[in-house]
Amino acid sequence: MKCCDNIDARMVDETSINLDPIQVGGRLTPEAMKAMIAWGDGYSVCDNCRKPFRLDYIQNPPLKDFHVDVAEWLGMAQARTIPGARRGFQQVAGTYVEKGDPVLIGALAHYTSYLSVELQKGIVREIPKTADNHITAEDTANRIEDVVREFGIAPKLLFIDHVDYQFGNMHDVKGIVKVAHQYDVPVLYNGVYTVGIMPVNGKDLGVDFIVGSGHKSMAAPAPSGILATTEERADEVFRTTQMEGDITGRKFGIKEVGILGCSLMGAPIVGLLASFPAVKARVEHFDEELANSKIVVEALRSIDGTKILSEYPRKHTLTRVDTTGSFDQVAQTHKKRGFFLSSALSKKGITGIIPGATKVWKINTYGMTRKQAEYVADAYLEIAETNGLTIN
Ligand SMILES: Cc1ncc(COP(=O)(O)O)c(C=O)c1O
């Protein structure tokens, strides 16, 4: 195959049911698909960029209103778009962290949080997870004290995932913020698995920054995302350039330093914008998503030897499952070895499971209809029974 053959064909199509934990919240709405075609050219949204020359002032398409609406929706003062959550981490760490500075990160956090600190030459100290895989306010308080003892200063920043990517567990953000603020430590809320999935209000939570991922959870193309902050922090994290050329004397207006001026200029931002009404509406129905998730999780639990490793009952649709005592037993003697499971699911039109994984794996049921959830639950049960496993 040459480099660009079949570029219009994809393995995961809209007729299959996708369980991939990182993909389900980022599937586009029809509105986003249409908008992306209309605005697909490179710098398309810059057609109508007029003074002041910055993305968040553009009125056609209505990016200015979008920025205001997103901030309000998240209970924050200001918001900007970013090319992926990781760039939000980078922007915040770039504002507060200098060489040798300590930063606290919940031990279940994504690697990109760590890298954003590394880029600043900061030093990461982790808040440990409990035996049941939670990050707690108590452990946060202890670790801040440890950092103060070790560095002589409090951490410059604290990262906490509301729902972590490893277990889909929900962590006590409010409690953690309360502790952190006693030491004046600003808190970055990682909402990659919540913003666009369930209601999030930064004011209620008390956080200083909210980072969301458009392609993970806001029905938008990659790379896209949101960084929102409070009035108090906005001037710091969204500071404008003071730079000028020493020979030319050139100045650069109101461009923001942290994002190098403007962020999303074409398809990603119109995708985010076009899906926003649907995303705002869908977060209000998260209880239905949980109910669908329950159907699948209960089916898996009923297969003898299967364990749910995530907190239970589930508070999120991303769930970690251990089938070492069930499907992996089948894999030991099956002619397809561990691939029998993904292969059987694929025959039933279910994709997104890592091929060959029969020990510990994750699914995300987000976005399924009730009928699809029942279908997936039945599919697992049928595969289990066909392969001689007991259903309890
Ligand atoms: C918990 C968590 N945070 C951050 C990221 C990075 O998100 P993005 O791809 O939007 O930069 C991911 C991506 O998988 C993630 O799971």
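Bear in mind the structure is a predicted one, so any value in this text is a computation, not a measurement.

Rules used throughout
- Residues numbered from 1 in each chain as written.
- Predicted model: local features only at pLDDT ≥ 70, side-chain atom pairs only at ≥ 80, totals over all residues.
- Heavy atoms only, no water.
- Salt bridge = Lys/Arg side-chain N within 4 Å of Asp/Glu carboxyl O.
- Helix = DSSP H or I, 4+ residues; strand = E, 2+ residues; numbered from the N terminus.
- pLDDT = per-residue confidence, 0-100.
- UniProt positions renumbered as here; feature names shortened; annotations may be inferred.
- 1 Å grid on protein atoms, 1.4 Å probe; cavity = no way out; pocket = protein on both sides within 12 Å on 5 of 7 lines; lining within 4 Å.
- Contact = heavy atoms within 4.5 Å.
- Polar contact = N/O pair within 3.5 Å; in protein donor to acceptor, adjacent residues only side chain to side chain.
- Phe/Tyr/Trp six-rings, centres within 6.5 Å; stacked < 30°, edge-to-face > 60°.
- Buried < 20%, exposed > 50% of the residue type's maximum accessible area, 1.4 Å probe, protein only.
- Lys NZ or Arg CZ within 6 Å of the ring centre and 35° of its normal.
- Disulfide = S-S within 2.5 Å.
- Near = heavy atom within 4 Å.
- Nonpolar A, V, L, I, M, F, W, Y, C, P; charged D, E, K, R; others polar.
- Pairing = 2+ DSSP bridges.
- Axes fitted to C-alpha atoms, helices over the stretch in contact; angles between N-to-C directions.
- Parallel < 35°, antiparallel > 145°, perpendicular 65-115°, else oblique.
- Right-handed = clockwise from strand over helix to strand, strands pointing away.

## Remarks on the pattern of salt bridges
Move 1: A complete count under the given rule lists 15 salt bridges for this structure.
Move 2: For the salt bridge of arginine 125 with glutamate 150, the shortest nitrogen-to-oxygen distance reads 2.7 Å. Here arginine 125, found in strand β4 (residues 123-127), pairs with glutamate 150, found in helix α5 (residues 137-151); they are 25 residues apart in sequence, far enough to count as distant.

## Describing the confidence of the model for the chain
The predicted coordinates of low-pLDDT regions are not to be read in fine detail.
Move 1: Mean pLDDT over the chain stands at 96; residues scoring 70 or higher make up 99%.
Move 2: Model confidence for the complex: the whole-complex pTM is 0.96, and ipTM, which rates the interface, is 0.99.

## Structural notes on the UniProt feature "binding site: pyridoxal 5'-phosphate" (unreviewed entry) in the chain
Move 1: The UniProt record marks Ala85, Arg86, Asn190, Ser213, Gly214 and His215 with the feature "binding site: pyridoxal 5'-phosphate" (unreviewed entry), using the residue numbering of this structure. The largest pairwise C-alpha distance within this set of annotated residues, which runs over 131 residues, is 14.3 Å, so the set is compact in three dimensions. Lining residues of the second largest pocket drawn from the annotated set just named are Ala85, Arg86, Asn190, Ser213 and His215.
Move 2: Mapping asparagine 190 onto the fold places it in strand β6 (residues 187-190).
Move 3: Those residues in contact with asparagine 190 that lie beyond four places of it in its chain are Phe89, Ile160, Asp161, His162 and Val211.
Move 4: Within the local environment of asparagine 190, its side chain forms a polar contact with the side chain of aspartate 161, the two groups lying 3.5 Å apart.
Move 5: In this structure, serine 213 is in contact with Ala85, Val192, Met218, Ser224 and Gly225, ignoring residues within four places of it in sequence.
Move 6: Within the structure, the side chain of serine 213 is placed 3.2 Å from the backbone nitrogen of lysine 216, a separation counted as a polar contact.

## Here we look at the packing of aromatic side chains
Move 1: What the rule picks out here adds up to seven aromatic pairs.
Move 2: With centroids separated by 6.3 Å and ring planes inclined at 45°, the aromatic side chains of phenylalanine 327 and tyrosine 380 adopt a geometry described as tilted. Pair noted here: phenylalanine 327 is in helix α12 (residues 327-333) and tyrosine 380 is in helix α14 (residues 370-386), with a separation of 53 residues, a long-range link. Here the two residues phenylalanine 327 and tyrosine 380 agree in accessibility, since each one is buried.
Move 3: Taking the centre distance of 5.7 Å and the plane angle of 15° together, the rings of tryptophan 361 and tyrosine 380 count as stacked. Taken together, the residues tryptophan 361 in strand β12 (residues 360-364) and tyrosine 380 in helix α14 connect sequence positions 19 residues apart.
Move 4: Among the aromatic residues, those joined into a cluster by ring pairs are Phe327, Phe340, Trp361 and Tyr380.
Move 5: Against the face of phenylalanine 238 rests arginine 80, its NZ or CZ located 4.2 Å from the ring centre.
Move 6: Cation over ring: arginine 301 sits above tyrosine 312, and NZ or CZ is 4.1 Å from the ring centre.

## Looking at the state of the cysteines
Move 1: A full pass over the atoms with the stated rule returns zero disulfides.
Move 2: Between cysteine 46, a free cysteine, and cysteine 49, which holds the nearest cysteine sulfur, the sulfur-to-sulfur gap is 6.0 Å.
Move 3: A relative accessible area of 30% means that cysteine 46 is categorised as partly exposed.

## What about the site of the ligand?
Move 1: Around the ligand, the surrounding shell holds 14 residues, and the nearest of these are Ala85, Arg86, Ser213, His215 and Lys216.
Move 2: In this structure, histidine 110 approaches the ligand through a side-chain N or O atom, which is 3.2 Å from an oxygen atom.
Move 3: Taking asparagine 190, its side chain carries an N or O atom lying 3.0 Å from a nitrogen atom of the ligand.
Move 4: When residues of the shell around the ligand are traced back to their parent elements, those giving at least two are α3 (85-96) and α8 (214-217).
Move 5: Counting residues per element, the shell around the ligand draws most heavily on α3, at three residues.
Move 6: Among the residues forming the shell around the ligand, the class breakdown is five nonpolar, six polar and three charged.

## Details of the sheet that holds strand β7 (residues 209-213)
Move 1: An order of β2-β8-β7-β6-β5-β3-β4 is seen for the seven strands of this open sheet, with the pairing classed as mixed. Of all strands in the sheet, those with a lone pairing partner are β2 (78-82) and β4, marking the two edges. Averaged over all pairs of adjacent strands, the angle between strand axes in this sheet comes to 20°, irrespective of strand direction.
Move 2: Of the pairings in the sheet, the one linking strand β3 (residues 102-106) to β4 comprises five bridges and is parallel in character. Note that in β4 the partner of glycine 106 across the bridge is isoleucine 127.
Move 3: Against the sheet, helix α4 (residues 111-119) contacts β3, β4 and β5 (158-161), and its axis sits at roughly 175° relative to β3.

## Regarding the packing of helix α11 (residues 286-301) against α14
Move 1: Close contact between α11 and α14 brings their axes to 9 Å; oriented N to C, the two are set at 10°. Taken together, the axis directions place α11 and α14 in an arrangement best described as roughly parallel. On the side of α11, the interface is formed by Ala291, Asn292, Ile295, Val296, Ala299 and Leu300, while α14 contributes Arg370, Ala373, Glu374, Val376, Ala377, Tyr380 and Leu381.
Move 2: Residue composition of the contact of α11 with α14, grouped by class: ten nonpolar, one polar and two charged.

## Side note on the pairing of β6
Move 1: Going residue by residue along β6, you find Val187 and Tyr189 tucked away on one face and Leu188 and Asn190 tucked away on the opposite face as well.
Move 2: Strand direction decides the pairing type here: β5 and β6, joined by four bridges, are parallel. The partner of leucine 158 across the bridge, within β6, is valine 187.
Move 3: As for the winding sense of the linkage, the β-α-β connection from β5 through helix α6 (residues 173-182) to β6 is right-handed.
Move 4: Two elements, β6 and β7, share three bridges in a ladder whose sense is parallel.

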